[in-house]
Amino acid sequence: MPYTYRCRDYPGMEACPASFTAESASEVMKHAELHAEVAHGEDTKQWSQEDRDQVQKLIVAS
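What counts, and at which threshold
As a convention, each chain's residues are numbered from 1 in the sequence order in which they are written. Thresholds applied to this predicted model are a pLDDT of at least 70 for local features of residues and 80 or more for the giving and counting of side-chain atom pairs; totals over whole chains, interfaces and linings are not thresholded and use all residues. As a rule here, side-chain values come from all non-hydrogen atoms in the structure, and water together with hydrogens is ignored. Here a helix means four or more residues in a row that DSSP labels H or I, a strand means two or more in a row labelled E, and each is numbered from the N terminus. What the globule rule says is 2.2 Å times the number of residues to the power 0.38, and the radius of gyration is computed from C-alpha atoms. Categorising residues by exposure relies on relative accessible area from a 1.4 Å probe, with only protein chains included: less than 20% of the type maximum marks a residue as buried, more than 50% marks it as exposed, and the intermediate range marks it as partly exposed. To be clear on the numbers: accessible area is Shrake-Rupley with a 1.4 Å probe, and residue cover counts the displayed protein chains and nothing else. In this scheme, strands are said to pair when DSSP sees at least two bridges between them.

*Asks:* I would appreciate a short explanation of the overall build of the chain in the present structure.
*Replies:* Across its full length, the chain carries 2 helices and 3 strands. Starting at the N terminus, the α and β elements of the chain follow one another as β-β-α-α-β. Here the C-alpha radius of gyration of the chain, 11 Å, is about what a compact globule of 62 residues would show, namely 11 Å. Summarising its shape, the C-alpha atoms of the chain cover approximately 30 × 25 × 20 Å along the three principal directions. Here the chain holds 62 residues, and 32% of them are scored as buried. Carbon and sulfur atoms provide 51% of the accessible area of the chain, an area that totals close to 4,100 Å².

*Asks:* What exactly am I supposed to notice about the pairing of strand S1 (residues 3–6) here?
*Replies:* Of the pairings in the sheet, the one linking S1 to strand S2 (residues 19–22) comprises 4 bridges and is antiparallel in character. Along S2, the bridge assignment pairs Tyr 5 with Phe 20. As defined by bridge partners, S1 adjoins strand S3 (residues 60–61) across 2 bridges and the pair is classed as antiparallel. When the bridges of S3 are listed, Tyr 3 appears paired with Ala 61.

As far as function goes, none of this settles anything; it's purely spatial.
Right, dumping it as structure tokens:
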């Protein structure tokens, strides 16, 4: 079953059109982290556990 994450669903990222679909939630998380680093200039190593939990909650079966 594939999983999807849409960046615009994260609070404050409503203008971002990026979305990712992959076969597992962990793979989608890796795409979301890479996207955050490249497109938004974030250092995902500095994400709090709350930030990670929020992203993971937005990864849904599709």
